[in-house]
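Read off the chains here:
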Amino acid sequence: MAFTRHTSKDVAGYNKVLLELCWNREGNYLGMISSDRSVKVGQLDKSGTFQNVHNIPTTTTMTQLCWNPVDDSRIGMCGEDKYVELWDVRASKASMKLPTSANNISIGWSPCGTFMAVGNKSDLVTVFDLRTGSVLRKKKFNYEVNDIVWTANPNYLLAATGGDGAGYLDILSLLDPTDPEAALTDLNNVHISSAASNSSSTSNTSSAAGELSLLQRVTAHVDNCISLRIDPACRRLAVGGLDRTVSFWDLEDMVCLHTTPVESEVRGMTYSGDGQYLAVVGVDTNIYICDTSSAEAVSKVVCRHKVSSASWHPQTNLNLLAVALEDRSPAPQYLRFLAFPTA
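Computed from a prediction, not measured in an experiment: that's the story for all the values here. For every chain, the first residue of the written sequence is number 1, and numbering continues from 1 onward in sequence order. Predicted model: local features are reported for residues with pLDDT of at least 70 only, side-chain atom pairs are reported and counted for 80 or more only, and whole-chain, interface and lining totals are derived from all residues. Computation of side-chain values: all heavy atoms of the structure, hydrogens and water removed.

Enquirer: Just to check I follow, could you spell out the sheet that holds strand β4 (residues 38-44) for this structure?
Expert: Paired through backbone hydrogen bonds, the strands of a sheet run either parallel or antiparallel to each other. With respect to topology, 4 strands assemble into an open sheet ordered β2-β3-β4-β5, the strand pairing being antiparallel. The outermost strands of the open sheet, each flanked by one partner alone, are β2 (18-23) and β5 (50-57). Averaged over all pairs of adjacent strands, the angle between their axes in this sheet comes to 20 degrees, without regard to strand direction. Between any two strands, at least two bridges found by DSSP are needed for them to pair. A run of H or I in DSSP becomes a helix once it reaches four residues, and a run of E becomes a strand once it reaches two; helices and strands are each numbered from the N terminus. The sheet contact formed by β2 and strand β3 (residues 29-34) spans 5 bridges and is antiparallel. Interaxial angle, 0 to 180 degrees, is taken between N-to-C directions of lines fitted to C-alpha atoms, where a helix line uses only the stretch in contact.

Enquirer: Looking at this model, I keep getting lost on unusual backbone geometry. Mind explaining?
Expert: A negative phi holds for most residues other than glycine; trans holds for most peptide bonds. At R37, a residue that is not glycine, the phi angle is positive and equals roughly 60 degrees. Of note, R37 is situated in the loop between β3 and β4. The phi torsion at K82 lies on the positive side, around 65 degrees, for a residue other than glycine. Inspection of the secondary structure puts K82 in the loop between β7 (74-79) and β8 (83-88). Only protein chains enter the calculation, and the probe is 1.4 Å; a residue is then buried if its accessible area is under 20% of its type maximum, exposed if over 50%, and partly exposed in between. You can call K82 partly exposed: its relative accessible area is 39%.

Enquirer: I would appreciate a short explanation of the packing of aromatic side chains in the present structure.
Expert: Each pair of aromatic rings is reported with the distance of its centres and the angle of its planes. Think of it this way: a Phe, Tyr or Trp ring, Trp meaning its six-membered ring, pairs with another when their centres are within 6.5 Å, and the plane angle makes it stacked under 30 degrees, edge-to-face over 60, tilted otherwise. Taken as a whole, this structure holds 8 aromatic pairs when the rule is applied. Measuring from centroid to centroid gives 6.4 Å for W23 and F50, while their planes differ by 80 degrees, and the two rings are edge-to-face. One end of the pair, W23, is in strand β2; the other, F50, is in strand β5, and 27 residues separate them in sequence. Just as W23 is buried, F50 falls in that class too. For the pair F50 and F337, a centre-to-centre distance of 5.1 Å together with 85 degrees between the ring planes defines the contact as edge-to-face. Of this pair, F50 sits in strand β5 while F337 sits in strand β29 (residues 335-339); the two residues are 287 residues apart in sequence, bridging distant segments of the chain. For F337, a relative accessible area of 10% gives the class buried. By way of ring pairs, the aromatic residues Y14, W23, F50 and F337 are connected into one cluster. Over the ring of F141 we find K139, and its NZ or CZ is 5.7 Å from the ring centre. Across from the ring centre of Y143, 3.6 Å away, lies the NZ or CZ of R217, which sits over that ring. Charge-over-ring placement is defined geometrically: NZ (Lys) or CZ (Arg) within 6 Å of the ring centre, and within 35 degrees of the ring normal.

In short, the description is geometric, and any link to function would need to be established separately.
Rendered as structure tokens:
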């Protein structure tokens, strides 16, 4: 695919720096964290028209957002005010507001839509049960935790961590290790690439908050791991690090398949709708496109402005990449759409 032959459009109306953006599962809503202390929601209709439909006011600047994987109109966000907020994009107020112990930097919604995981600057990962708003599991780490992501099985989380001059991939479990029926003695019993038999709940949990179990810590990079992304088929994991490398992992066996070097420290990543390509956002002004099968960096998209975030549209027939810009002068338009050839 010739990614250099793309079309670029700066979207009017977004005249403040955008810090993060993400499409929902269906691709009809795009959530955007704005530097003006708001979260904006744009809607892309079937005719291709994009317009802003909701501005969510916040008391602080949010750091990350995520969409409910089973309800396309619900969005979660976390920020520097020590709270997690859940919103319906059609509502005028938050449906839930959960207190945490420190400024939050990462958030993830479980595939069943029941649990929310949040990581903060104190390297504490907390899992909330959204049915009750209570803390279900938590774990304090003595090293840096930069990103978290749920697997297809809602019993398991992955964390991008770093410390002691290396980057690690931590495999976490919500299951109670003291329960003989739930105890996992080795990774051969961990099927994190497929859904659990009962995806509506997590088994072997109690009313009191327990600790997340660290099943294994895998050395993944030679410097801190920063970003994690799972492909749409939930078979492969991409890990981005400060060592200017992306590693691709098989989720069934948890082995590294290959690594791809890029020209910048990795800031964020996003898979194409078919999972064939991965767009890597660095700390420079470029986006690096990697072929996930061949481990080849097939293209470098020059944006001429620093990119804070990118999100590939989930529909395979619409090869559209939404890009958030943080340095846009003299024309202050901070949302850009890149349309690539579909064949």
